[in-house]
Amino acid sequence: SMQCFPGLVLALSSLLGALALLQLSLYLRVPSRYGKHEERLCRQRGRLPARCAWFLQELPSFLVPALLLALRSPPRLEPLGCRLLCCLFCWHYFYRTFIYPFFTRGRPFPLQLLFFGMLFCIYNGFLQGYYLIYCAEYPNDWCTDIRFTSGLLLFLLGMGINIHSDLLLRQLRKPGEVTYKIPQGGLFTYVSGANYFGEIVEWFGFAIATWSLPAFAFAFFTLCCIGPRAYHHHRYYLKTFTDYPKSRKALIPFVF
Ligand code: NDX
(Lines give C-alpha, C1' and ligand atoms only; values in the text may rest on other atoms or scores of the structure.)
Protein backbone atom coordinates (compact mmCIF):
# COMPACT_ATOMS: atom_id res chain seq x y z
CA SER A 1 0.00 0.00 0.00
CA MET A 2 0.98 3.65 -0.36
CA GLN A 3 3.19 5.41 2.13
CA CYS A 4 4.88 8.79 2.51
CA PHE A 5 7.97 9.50 0.44
CA PRO A 6 9.24 12.92 1.58
CA GLY A 7 11.57 13.07 -1.43
CA LEU A 8 8.61 12.77 -3.78
CA VAL A 9 6.77 15.61 -2.05
CA LEU A 10 9.89 17.78 -2.24
CA ALA A 11 10.42 16.98 -5.92
CA LEU A 12 6.79 17.59 -6.94
CA SER A 13 6.60 20.83 -4.94
CA SER A 14 9.83 22.12 -6.48
CA LEU A 15 8.58 21.32 -9.96
CA LEU A 16 5.35 23.19 -9.16
CA GLY A 17 7.44 26.19 -8.07
CA ALA A 18 9.45 25.96 -11.30
CA LEU A 19 6.24 25.77 -13.36
CA ALA A 20 5.06 28.89 -11.54
CA LEU A 21 8.19 30.77 -12.60
CA LEU A 22 7.86 29.48 -16.17
CA GLN A 23 4.28 30.67 -16.16
CA LEU A 24 5.27 34.10 -14.84
CA SER A 25 7.89 34.54 -17.57
CA LEU A 26 5.46 33.38 -20.28
CA TYR A 27 2.39 35.34 -19.21
CA LEU A 28 3.78 38.63 -17.92
CA ARG A 29 4.04 39.97 -21.47
CA VAL A 30 1.33 38.00 -23.27
CA PRO A 31 -1.79 36.66 -21.56
CA SER A 32 -2.75 32.97 -21.77
CA ARG A 33 -5.09 32.63 -24.75
CA TYR A 34 -8.56 32.01 -23.45
CA GLY A 35 -11.57 34.20 -22.70
CA LYS A 36 -11.06 37.86 -23.62
CA HIS A 37 -7.44 37.24 -24.65
CA GLU A 38 -8.06 34.68 -27.33
CA GLU A 39 -6.97 35.59 -30.85
CA ARG A 40 -10.12 36.51 -32.72
CA LEU A 41 -12.14 33.70 -34.22
CA CYS A 42 -9.17 32.13 -35.97
CA ARG A 43 -10.31 28.58 -35.30
CA GLN A 44 -13.82 27.53 -34.48
CA ARG A 45 -12.75 23.93 -34.17
CA GLY A 46 -10.60 22.83 -31.30
CA ARG A 47 -12.90 24.26 -28.66
CA LEU A 48 -15.33 22.90 -26.18
CA PRO A 49 -18.35 24.67 -24.63
CA ALA A 50 -17.21 26.46 -21.46
CA ARG A 51 -19.47 24.24 -19.40
CA CYS A 52 -17.87 20.92 -20.40
CA ALA A 53 -14.39 22.41 -20.50
CA TRP A 54 -14.40 23.75 -16.94
CA PHE A 55 -16.09 20.62 -15.64
CA LEU A 56 -13.51 18.27 -17.24
CA GLN A 57 -10.57 20.48 -16.43
CA GLU A 58 -11.28 20.90 -12.74
CA LEU A 59 -12.74 17.45 -12.01
CA PRO A 60 -9.37 15.77 -11.23
CA SER A 61 -8.63 18.41 -8.58
CA PHE A 62 -11.71 17.21 -6.75
CA LEU A 63 -11.59 13.50 -7.59
CA VAL A 64 -7.94 12.71 -6.93
CA PRO A 65 -7.70 14.03 -3.35
CA ALA A 66 -11.25 12.83 -2.55
CA LEU A 67 -10.29 9.30 -3.64
CA LEU A 68 -7.01 9.42 -1.75
CA LEU A 69 -8.95 10.48 1.34
CA ALA A 70 -11.66 7.85 0.93
CA LEU A 71 -9.49 4.92 -0.14
CA ARG A 72 -6.68 5.11 2.35
CA SER A 73 -6.71 1.96 4.39
CA PRO A 74 -6.59 1.83 7.26
CA PRO A 75 -8.36 5.24 7.25
CA ARG A 76 -6.27 7.98 8.81
CA LEU A 77 -8.33 9.29 11.68
CA GLU A 78 -5.66 11.26 13.51
CA PRO A 79 -4.84 14.07 13.49
CA LEU A 80 -8.05 15.86 12.65
CA GLY A 81 -6.11 18.67 10.90
CA CYS A 82 -5.14 16.50 7.92
CA ARG A 83 -8.65 15.43 7.06
CA LEU A 84 -10.10 18.87 7.65
CA LEU A 85 -7.54 20.51 5.36
CA CYS A 86 -8.01 17.89 2.67
CA CYS A 87 -11.77 18.49 2.89
CA LEU A 88 -11.24 22.26 2.45
CA PHE A 89 -9.28 21.63 -0.73
CA CYS A 90 -11.97 19.27 -2.03
CA TRP A 91 -14.70 21.72 -1.02
CA HIS A 92 -13.23 24.44 -3.25
CA TYR A 93 -12.95 22.04 -6.17
CA PHE A 94 -16.43 20.70 -5.54
CA TYR A 95 -17.64 24.24 -6.16
CA ARG A 96 -15.33 24.72 -9.15
CA THR A 97 -16.29 21.36 -10.76
CA PHE A 98 -19.94 20.80 -9.96
CA ILE A 99 -21.34 24.31 -9.47
CA TYR A 100 -19.28 26.94 -11.33
CA PRO A 101 -19.37 25.26 -14.78
CA PHE A 102 -23.14 24.81 -14.77
CA PHE A 103 -23.75 28.53 -14.42
CA THR A 104 -20.92 29.93 -16.53
CA ARG A 105 -21.74 32.04 -19.58
CA GLY A 106 -18.16 31.95 -20.83
CA ARG A 107 -16.99 31.50 -24.41
CA PRO A 108 -15.99 28.09 -25.74
CA PHE A 109 -12.63 27.07 -24.30
CA PRO A 110 -9.56 26.02 -26.39
CA LEU A 111 -9.00 22.24 -26.26
CA GLN A 112 -5.24 22.57 -26.05
CA LEU A 113 -5.38 24.66 -22.87
CA LEU A 114 -8.03 22.33 -21.51
CA PHE A 115 -5.59 19.45 -21.92
CA PHE A 116 -2.80 21.25 -20.04
CA GLY A 117 -5.26 22.53 -17.44
CA MET A 118 -6.44 18.98 -16.78
CA LEU A 119 -2.89 17.67 -16.48
CA PHE A 120 -2.21 20.45 -14.04
CA CYS A 121 -5.28 19.59 -11.96
CA ILE A 122 -4.29 15.91 -11.78
CA TYR A 123 -0.77 16.86 -10.75
CA ASN A 124 -1.77 19.38 -8.11
CA GLY A 125 -4.71 17.33 -6.83
CA PHE A 126 -2.37 14.41 -6.30
CA LEU A 127 0.35 16.49 -4.64
CA GLN A 128 -1.96 18.25 -2.17
CA GLY A 129 -4.01 15.13 -1.40
CA TYR A 130 -1.03 12.77 -1.11
CA TYR A 131 0.80 15.17 1.19
CA LEU A 132 -2.17 15.72 3.49
CA ILE A 133 -3.31 12.09 3.63
CA TYR A 134 0.05 10.32 3.77
CA CYS A 135 2.69 12.77 4.95
CA ALA A 136 1.40 15.68 7.01
CA GLU A 137 1.94 15.55 10.77
CA TYR A 138 0.12 17.97 13.02
CA PRO A 139 -0.06 18.24 16.79
CA ASN A 140 -3.45 17.23 18.13
CA ASP A 141 -4.33 20.82 18.95
CA TRP A 142 -3.48 22.13 15.44
CA CYS A 143 -7.09 23.27 15.03
CA THR A 144 -6.54 25.91 17.71
CA ASP A 145 -3.11 26.98 16.43
CA ILE A 146 -3.00 30.62 15.25
CA ARG A 147 -1.69 29.48 11.83
CA PHE A 148 -4.62 27.16 11.33
CA THR A 149 -7.28 29.61 12.53
CA SER A 150 -5.98 32.68 10.70
CA GLY A 151 -5.32 30.64 7.54
CA LEU A 152 -8.79 29.16 7.64
CA LEU A 153 -10.27 32.64 8.05
CA LEU A 154 -8.34 33.91 5.01
CA PHE A 155 -9.37 30.83 3.04
CA LEU A 156 -13.05 31.42 3.77
CA LEU A 157 -12.79 35.15 3.10
CA GLY A 158 -11.00 34.54 -0.21
CA MET A 159 -13.48 31.89 -1.25
CA GLY A 160 -16.37 34.26 -0.45
CA ILE A 161 -14.80 37.03 -2.54
CA ASN A 162 -14.05 34.61 -5.40
CA ILE A 163 -17.54 33.13 -5.58
CA HIS A 164 -19.25 36.50 -5.20
CA SER A 165 -17.07 38.07 -7.91
CA ASP A 166 -17.64 35.18 -10.34
CA LEU A 167 -21.37 35.67 -9.75
CA LEU A 168 -21.13 39.39 -10.55
CA LEU A 169 -19.22 38.59 -13.76
CA ARG A 170 -21.82 36.04 -14.82
CA GLN A 171 -24.65 38.51 -14.31
CA LEU A 172 -23.08 40.89 -16.86
CA ARG A 173 -24.37 38.63 -19.65
CA LYS A 174 -27.72 37.26 -20.68
CA PRO A 175 -27.65 33.57 -21.62
CA GLY A 176 -26.06 33.17 -25.05
CA GLU A 177 -24.32 36.56 -24.97
CA VAL A 178 -20.52 36.66 -25.35
CA THR A 179 -19.76 40.40 -25.15
CA TYR A 180 -17.70 42.13 -22.45
CA LYS A 181 -18.97 44.85 -20.13
CA ILE A 182 -17.52 46.83 -17.24
CA PRO A 183 -17.83 44.76 -14.05
CA GLN A 184 -19.53 46.65 -11.22
CA GLY A 185 -20.10 46.12 -7.52
CA GLY A 186 -18.40 44.12 -4.79
CA LEU A 187 -14.62 44.24 -4.93
CA PHE A 188 -14.82 45.17 -8.63
CA THR A 189 -15.30 48.71 -7.30
CA TYR A 190 -11.59 48.58 -6.41
CA VAL A 191 -9.94 46.06 -8.74
CA SER A 192 -10.41 44.62 -12.24
CA GLY A 193 -9.45 41.11 -11.08
CA ALA A 194 -11.70 40.75 -8.04
CA ASN A 195 -12.30 37.02 -8.63
CA TYR A 196 -8.55 36.45 -8.99
CA PHE A 197 -7.82 38.47 -5.85
CA GLY A 198 -10.23 36.22 -3.94
CA GLU A 199 -8.68 33.05 -5.32
CA ILE A 200 -5.15 34.19 -4.40
CA VAL A 201 -6.18 35.14 -0.84
CA GLU A 202 -7.92 31.77 -0.60
CA TRP A 203 -4.85 29.69 -1.50
CA PHE A 204 -2.48 31.73 0.65
CA GLY A 205 -4.92 31.18 3.51
CA PHE A 206 -4.86 27.47 2.75
CA ALA A 207 -1.05 27.51 2.70
CA ILE A 208 -0.90 29.22 6.10
CA ALA A 209 -3.46 26.82 7.60
CA THR A 210 -1.58 23.83 6.14
CA TRP A 211 1.89 25.24 6.80
CA SER A 212 3.41 23.00 4.16
CA LEU A 213 5.68 23.25 1.12
CA PRO A 214 3.14 21.81 -1.37
CA ALA A 215 0.44 24.29 -0.32
CA PHE A 216 2.80 27.29 -0.47
CA ALA A 217 4.01 26.12 -3.88
CA PHE A 218 0.41 26.00 -5.11
CA ALA A 219 -0.41 29.45 -3.67
CA PHE A 220 2.67 30.78 -5.46
CA PHE A 221 1.60 29.04 -8.68
CA THR A 222 -1.87 30.62 -8.41
CA LEU A 223 -0.29 34.05 -7.93
CA CYS A 224 1.97 33.58 -10.98
CA CYS A 225 -0.90 32.20 -13.08
CA ILE A 226 -3.76 34.60 -12.44
CA GLY A 227 -1.79 37.61 -11.14
CA PRO A 228 -0.53 38.46 -14.66
CA ARG A 229 -3.97 37.64 -16.04
CA ALA A 230 -5.54 40.26 -13.77
CA TYR A 231 -3.06 42.79 -15.12
CA HIS A 232 -3.93 41.87 -18.73
CA HIS A 233 -7.67 42.09 -17.96
CA HIS A 234 -7.06 45.54 -16.52
CA ARG A 235 -5.17 46.70 -19.63
CA TYR A 236 -7.90 45.25 -21.84
CA TYR A 237 -10.59 47.22 -19.98
CA LEU A 238 -8.62 50.48 -20.11
CA LYS A 239 -8.09 50.02 -23.85
CA THR A 240 -11.70 48.99 -24.59
CA PHE A 241 -13.77 51.32 -22.40
CA THR A 242 -13.02 55.05 -22.42
CA ASP A 243 -15.27 55.48 -19.38
CA TYR A 244 -13.47 52.79 -17.33
CA PRO A 245 -13.17 53.93 -13.67
CA LYS A 246 -9.74 55.60 -13.35
CA SER A 247 -9.21 54.79 -9.68
CA ARG A 248 -9.64 51.04 -10.18
CA LYS A 249 -6.47 48.93 -9.74
CA ALA A 250 -5.57 45.65 -11.45
CA LEU A 251 -5.37 43.11 -8.62
CA ILE A 252 -4.77 44.50 -5.12
CA PRO A 253 -7.18 47.18 -3.84
CA PHE A 254 -5.53 50.66 -3.60
CA VAL A 255 -2.08 49.20 -4.36
CA PHE A 256 -1.58 47.59 -7.76
N1 NDX B 1 -7.84 26.77 -14.58
C2 NDX B 1 -6.33 27.42 -12.82
N3 NDX B 1 0.92 26.62 -18.23
C4 NDX B 1 -6.83 27.24 -15.48
C5 NDX B 1 -7.17 27.12 -16.88
C6 NDX B 1 -6.02 27.51 -17.80
O7 NDX B 1 -8.48 26.68 -12.37
O8 NDX B 1 0.07 25.82 -20.14
C9 NDX B 1 -5.20 27.27 -13.63
C10 NDX B 1 -7.64 27.02 -13.18
C11 NDX B 1 -4.73 26.82 -17.41
C12 NDX B 1 -4.39 27.02 -15.93
C13 NDX B 1 -5.51 26.64 -14.98
C14 NDX B 1 -3.07 26.31 -15.58
C15 NDX B 1 -1.92 26.73 -16.48
C16 NDX B 1 -2.29 26.56 -17.92
C17 NDX B 1 -3.56 27.37 -18.18
C18 NDX B 1 -3.64 27.44 -19.68
C19 NDX B 1 -2.19 27.55 -20.11
C20 NDX B 1 -1.34 27.30 -18.86
C21 NDX B 1 -2.42 25.09 -18.29
C22 NDX B 1 -5.63 25.12 -14.84
C23 NDX B 1 -0.07 26.51 -19.15
C24 NDX B 1 2.20 25.97 -18.27
C25 NDX B 1 3.08 26.68 -19.30
C26 NDX B 1 2.83 26.10 -16.90
C27 NDX B 1 2.08 24.50 -18.62
O28 NDX B 1 -16.12 34.53 -22.40
P29 NDX B 1 -15.27 34.51 -21.18
O30 NDX B 1 -14.74 33.11 -20.86
O31 NDX B 1 -14.15 35.51 -21.19
O32 NDX B 1 -16.28 34.91 -19.96
C33 NDX B 1 -15.81 35.10 -18.65
C34 NDX B 1 -16.70 36.05 -17.88
N35 NDX B 1 -16.27 37.44 -17.97
C36 NDX B 1 -17.03 38.48 -18.39
N37 NDX B 1 -18.29 38.56 -18.86
C38 NDX B 1 -18.78 39.79 -19.21
N39 NDX B 1 -18.07 40.94 -19.13
C40 NDX B 1 -16.78 40.90 -18.65
N41 NDX B 1 -16.07 42.03 -18.57
C42 NDX B 1 -16.22 39.64 -18.28
N43 NDX B 1 -15.00 39.27 -17.79
C44 NDX B 1 -15.04 37.93 -17.64
O45 NDX B 1 -16.59 35.69 -16.52
C46 NDX B 1 -15.92 33.85 -17.79
O47 NDX B 1 -17.06 33.14 -18.09
C48 NDX B 1 -16.01 34.39 -16.37
C49 NDX B 1 -14.66 34.47 -15.66
O50 NDX B 1 -13.72 35.01 -16.53
P51 NDX B 1 -12.24 35.44 -16.03
O52 NDX B 1 -11.44 35.67 -17.24
O53 NDX B 1 -12.36 36.56 -15.05
O54 NDX B 1 -11.76 34.14 -15.20
P55 NDX B 1 -11.12 32.75 -15.72
O56 NDX B 1 -9.66 32.98 -15.99
O57 NDX B 1 -11.97 32.17 -16.76
O58 NDX B 1 -11.20 31.90 -14.35
C59 NDX B 1 -12.43 31.46 -13.85
C60 NDX B 1 -12.26 31.11 -12.38
C61 NDX B 1 -11.85 32.31 -11.52
O62 NDX B 1 -12.59 32.29 -10.33
C63 NDX B 1 -10.38 32.06 -11.22
O64 NDX B 1 -10.01 32.57 -9.97
C65 NDX B 1 -10.26 30.54 -11.26
O66 NDX B 1 -11.23 30.10 -12.18
N67 NDX B 1 -8.93 30.14 -11.69
C68 NDX B 1 -8.55 30.25 -12.99
C69 NDX B 1 -7.33 29.82 -13.37
C70 NDX B 1 -6.45 29.08 -12.46
C71 NDX B 1 -6.80 29.20 -11.10
C72 NDX B 1 -8.06 29.61 -10.74
C73 NDX B 1 -5.76 28.85 -10.10
O74 NDX B 1 -4.57 28.84 -10.43
N75 NDX B 1 -6.10 28.59 -8.85
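The chain carries the name 3-oxo-5-alpha-steroid 4-dehydrogenase 2 in an unreviewed UniProt entry, which gives Pardalotus punctatus as its organism. Recorded in UniProt for the chain, the comment headed Function (unreviewed entry) runs: "Converts testosterone (T) into 5-alpha-dihydrotestosterone (DHT) and progesterone or corticosterone into their corresponding 5-alpha-3-oxosteroids. It plays a central role in sexual differentiation and androgen physiology." Reading the Sequence similarities (unreviewed entry) entry of the UniProt record for the chain gives the comment "Belongs to the steroid 5-alpha reductase family."

Chemist: Quick one: what's the story with a nonpolar patch on the surface, residue by residue and with numbers?
Modeler: On the surface, a nonpolar cluster with roughly 650 Å² of combined accessible area is contributed by W91, F94, F98, I99, F102, F103 and L156. A total of six residues in the nonpolar patch trace back to one element, the largest contributor, which is helix α3 (residues 80-103). For W91, the location among the structural elements is in helix α3.

Chemist: Would you mind going over the nonpolar core in detail, with residue names and values included?
Modeler: In this structure, L85, L132, Y138, W203 and F206 are the most contacted members of the largest nonpolar core, which totals 54 residues. Only α1 (6-27), α2 (50-71), α3, α4 (111-135), α5 (146-170), α6 (194-210) and α7 (213-240) provide two or more residues apiece to this core. If one sorts the elements of this core by residue count, α4 sits on top with 10 residues. What F206 contacts, discounting residues up to four positions off in sequence, is L85, L88, F89, Q128, L132, G151, F155 and A215. Listed in part, the five residues of the second largest apolar core include I182, Y236, Y237 and F241.

Chemist: Before we move on, could you go through the pattern of salt bridges and cite the residues and values that matter?
Modeler: For side chains bearing opposite charge, pairing can occur when the charged atoms are close. Here the structure, examined in full by the defined rule, presents five salt bridges. Across the pair E38 and R47 runs a salt bridge, and its minimum N-O distance is 3.3 Å. The two residues E38 and R47 agree in class, both being buried. Here E199 ties to R96 by a salt bridge, and the two come within 2.7 Å at their closest N and O atoms. Taken together, the residues E199 in helix α6 and R96 in helix α3 connect sequence positions 103 residues apart. Like R96, E199 is buried. Several salt bridges share partner residues, and in doing so they unite R96, D166 and E199 into one network.

Chemist: Explain the packing of aromatic side chains to me, and be specific about the residues and the numbers.
Modeler: By the definition in use, this model includes 32 aromatic pairs. Arranged with centres 5.9 Å apart and planes meeting at 70°, the rings of Y236 and Y237 form a pair that is edge-to-face. Grouping residues by exposure puts Y236 and Y237 together as buried. Geometry around Y180 places R173 over its ring, the cationic atom sitting 4.8 Å from the centre. Positioned above the aromatic ring of Y34, the side-chain terminus of R229 is 3.6 Å from the ring centre.

Chemist: I'd like a description of the environment of E78, backed by residues and values.
Modeler: With respect to the helices, strands and loops of the structure, E78 is situated in the loop between α2 and α3. Judged by its relative accessible area of 54%, E78 falls in the exposed class. With 62 residues separating them in the primary sequence, E78 and N140 have C-alpha atoms 7.9 Å apart.

Chemist: Can you explain the site of the ligand? Please cite residues and give values.
Modeler: Not every one of the 36 residues close to the ligand is listed here, only the nearest: Y34, D166, Y180, K181 and Y196. Residue T104 places a side-chain N or O atom 3.4 Å away from an oxygen atom belonging to the ligand. Measuring from a nitrogen atom of the ligand, one finds a backbone N or O atom of K181 at 2.7 Å. Across the complex, the protein chains shield 93% of the 1,300 Å² of accessible surface that the ligand would expose by itself. Taken together, the elements giving at least two residues each to the shell around the ligand come down to α1, α2, α3, α4, α5, α6 and α7. Tallying contributions element by element places α7 first for the shell around the ligand, with six residues. Per-class residue counts for the shell around the ligand are 16 nonpolar, 11 polar and nine charged.

Conventions adopted
Residues numbered from 1 in each chain as written. Predicted model: local features only at pLDDT ≥ 70, side-chain atom pairs only at ≥ 80, totals over all residues. Heavy atoms only, no water. UniProt positions renumbered as here; feature names shortened; annotations may be inferred. Patch = residues over 30% accessible without salt bridge, like charges linked within 9 Å, V, L, I, M, F, W, Y side chains within 5 Å. Areas by Shrake-Rupley, 256 points an atom, 1.4 Å probe, with all protein chains shown as cover. Salt bridge = Lys/Arg side-chain N within 4 Å of Asp/Glu carboxyl O. Helix = DSSP H or I, 4+ residues; strand = E, 2+ residues; numbered from the N terminus. Core = buried A, V, L, I, M, F, W, Y, C linked by side-chain atoms within 4.5 Å. Buried < 20%, exposed > 50% of the residue type's maximum accessible area, 1.4 Å probe, protein only. Contact = heavy atoms within 4.5 Å. Phe/Tyr/Trp six-rings, centres within 6.5 Å; stacked < 30°, edge-to-face > 60°. Lys NZ or Arg CZ within 6 Å of the ring centre and 35° of its normal. Near = heavy atom within 4 Å. Polar contact = N/O pair within 3.5 Å; in protein donor to acceptor, adjacent residues only side chain to side chain. Nonpolar A, V, L, I, M, F, W, Y, C, P; charged D, E, K, R; others polar.

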